[in-house]
Amino acid sequence: MSAVQKDDQGDWQTVCLKYLLFIFNFLFWLGGAAVLGVGVWTLVEKSDYLSLLASSTFAVSAYILILAGSLVVVTGFLGCCAVIREQKSCLSAYFLFLLLIFLIELVAGVLAYVYYQRLSEELKQHLNQTMTENYAQPGKVAITLAVDNLQQDFKCCGSNSSHDWSMSVYILSKPAEGRVVPDSCCKTITYQCGKRDHPSNIYKVEGGCITKLEKFLADHLLIIGAVGIGVACLQICGMVFTSCLYRRIKMEPY
């Protein structure tokens, strides 16, 4: 094979790698937008429920995804510059950014998966205690609001059942004014509606809040894990294309 043919073949391979990297960069941007969107959605959608959780793993996973998604914007721009200018320094920086984001998203995915495994146990151990000991207590406004929203949004009453409220510090106190459950257990909230716990008045037969909150959080964790690990796998392709293009540029004569 002549030197001209080798050069033509090398140019063709370089052009193919550049187009592949451009395509990847576009997919990478889309993946980054998905990562950022899922992170923000996780914190905004029912964010007040975070105060009911014993650990901060759920919130940390979401914040990590937001960080990774934000870095994608910078990295995507750097990737375009690296491909257009064919500078080895830009390609090296781009590769390192991809590797960093890959590790960040992988951590978020693993955290979500690990927390998913012990979510049920944590809720069973912690939620009932939080609701009965902290509801409507001084300095616990966030928890009180979270419990009220939880019971109204998921149409539930108590952690396991409405009977859990019989041991509540609030229900046993004078400020409860004879209520047997908080007013937020009522199907239609009116002042002191919690004094009557008949199924026609409160969410008594619909089940407790633990099961419903567990399903809600588990669905979010599965999405966090799937998006984090999915985009991380996509970045492996980007790192491979970047490495190949770097080697092609390094081999080309100046």
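Per chain, residues are indexed from 1 in the order of the written sequence. The predicted nature of this model means local features are confined to residues of pLDDT at least 70 and side-chain atom pairs, given and counted, to a pLDDT of 80 or more, with totals for whole chains, interfaces and linings taken over all residues. Side-chain metrics in this entry use all non-hydrogen atoms of the structure; hydrogen atoms and water are not considered.

1. Structural notes on the overall build of the protein chain
Line of reasoning, step 1. Tallying secondary structure elements over the protein chain gives five helices and zero strands in all.
Line of reasoning, step 2. Listing each helix as α and each strand as β along the protein chain from the N terminus yields α-α-α-α-α.
Line of reasoning, step 3. Taken across its 254 residues, the protein chain has 43% of its residues classed as buried.
Line of reasoning, step 4. Long-range pairs, those at least 24 residues apart, make up 72% of the contacts in the protein chain with a sequence separation of at least 6.
Line of reasoning, step 5. Here the Shrake-Rupley method, with its probe set to 1.4 Å, supplies the accessible areas, and only the displayed protein chains count as covering residues. Only carbon and sulfur atoms are counted for the fraction: they give 66% of the accessible area of the protein chain, which is about 13000 Å². By the criteria applied, helices consist of DSSP H or I runs no shorter than four residues and strands consist of E runs no shorter than two, each listed in order from the N terminus. Each residue's exposure class comes from its accessible area (1.4 Å probe, protein chains only) as a fraction of the maximum for that residue type: buried when under 20%, exposed when over 50%, partly exposed otherwise. Residue contacts are counted whenever heavy atoms from the two residues lie within 4.5 Å of one another.

2. A short note on the nonpolar core
Line of reasoning, step 1. Only buried residues count toward a nonpolar core. Its members are Ala, Val, Leu, Ile, Met, Phe, Trp, Tyr and Cys residues joined through side-chain atoms within 4.5 Å. Ranked by size, the top nonpolar core spans 60 residues in total, and within it Trp165 and Leu213 carry the most contacts.
Line of reasoning, step 2. At the level of secondary structure, the elements contributing two or more residues to this core comprise helix H1 (3–44), helix H2 (57–85), helix H3 (88–134), helix H4 (141–153) and helix H5 (209–251).
Line of reasoning, step 3. Dropping the residues within four chain positions of it, Leu213 is found in contact with Tyr49, Leu123, Leu127, Leu150 and Phe154.

3. Structural notes on the packing of aromatic side chains
Line of reasoning, step 1. A pair of Phe, Tyr and Trp rings is counted when the ring centres sit within 6.5 Å of each other, with Trp represented by its six-membered ring. The angle between the planes then sorts it: under 30 degrees is stacked, over 60 is edge-to-face, the rest tilted. Using the criterion set out here, one finds three aromatic pairs in the structure.
Line of reasoning, step 2. Geometrically, the ring pair formed by Tyr135 and Trp165 is edge-to-face, given 5.2 Å between the ring centres and 70 degrees between the ring planes. Here Tyr135, found in the loop between H3 and H4, pairs with Trp165, found in the loop between H4 and H5; they are 30 residues apart in sequence, far enough to count as distant.
Line of reasoning, step 3. Taking relative accessible area as the criterion, Tyr135 reaches 6% and is therefore assigned buried.
Line of reasoning, step 4. On the accessibility criterion, Trp165 (1% relative accessible area) is buried.
Line of reasoning, step 5. Ring geometry for Tyr135 against Tyr170: centres 5.4 Å apart, planes inclined by 70 degrees, an arrangement best described as edge-to-face. Taken together, the residues Tyr135 in the loop between H3 and H4 and Tyr170 in the loop between H4 and H5 connect sequence positions 35 residues apart. The two residues Tyr135 and Tyr170 agree in class, both being buried.

4. Quick notes on the side chain of Ser159
Line of reasoning, step 1. By the secondary structure assignment, Ser159 is in the loop between H4 and H5.
Line of reasoning, step 2. Taking the relative accessible area as the measure of exposure, Ser159 reaches 1% and is therefore buried.
Line of reasoning, step 3. Within the structure, Ser159 has its side chain in polar contact with the side chain of Asn128 (distance 2.7 Å).
Line of reasoning, step 4. Setting aside chain neighbours within four positions, we find Ser159 in contact with Asn128, Met131, Asp164, Gly208, Cys209 and Ile210. Any N or O atom pair separated by 3.5 Å or less is treated as a polar contact, with the protein-specific requirement of one donor-capable and one acceptor-capable atom, and with residues adjacent in sequence counted only for side-chain atom pairs.

5. Describing the environment of Tyr246
Line of reasoning, step 1. Along the chain, the position of Tyr246 falls in helix H5.
Line of reasoning, step 2. Residue Tyr246 is classed as partly exposed on the basis of its relative accessible area of 27%.
Line of reasoning, step 3. Linking Tyr246 and Leu91, residues 155 residues apart in sequence, is a C-alpha distance of 6.6 Å.
Line of reasoning, step 4. Residues in contact with Tyr246, not counting those within four places in the same chain, are Lys88, Leu91 and Ser92.

6. Looking at the state of the cysteines
As used in these notes, a disulfide is a covalent bond between sulfur atoms, one from each of two cysteines.
Line of reasoning, step 1. Our working definition of a disulfide is a cysteine sulfur pair at a distance within 2.5 Å. Applying the stated criterion across every chain, the model contains three disulfides.
Line of reasoning, step 2. With its sulfur 2.1 Å from that of its partner, Cys156 forms a disulfide with Cys209. Note on the Cys156 and Cys209 pair: the S-S dihedral is about 100 degrees, so by sign convention the disulfide is right-handed. Taken together, the positions of Cys156 in the loop between H4 and H5 and Cys209 in helix H5 put the pair 53 residues apart, joining distant regions of the chain.
Line of reasoning, step 3. You can call Cys209 buried: its relative accessible area is 0%.
Line of reasoning, step 4. Two residues, Cys186 and Cys193, share a disulfide whose sulfurs are 2.2 Å apart. Residues Cys186 and Cys193 are joined by a disulfide whose S-S torsion is about 115 degrees; by sign, that bridge is right-handed.

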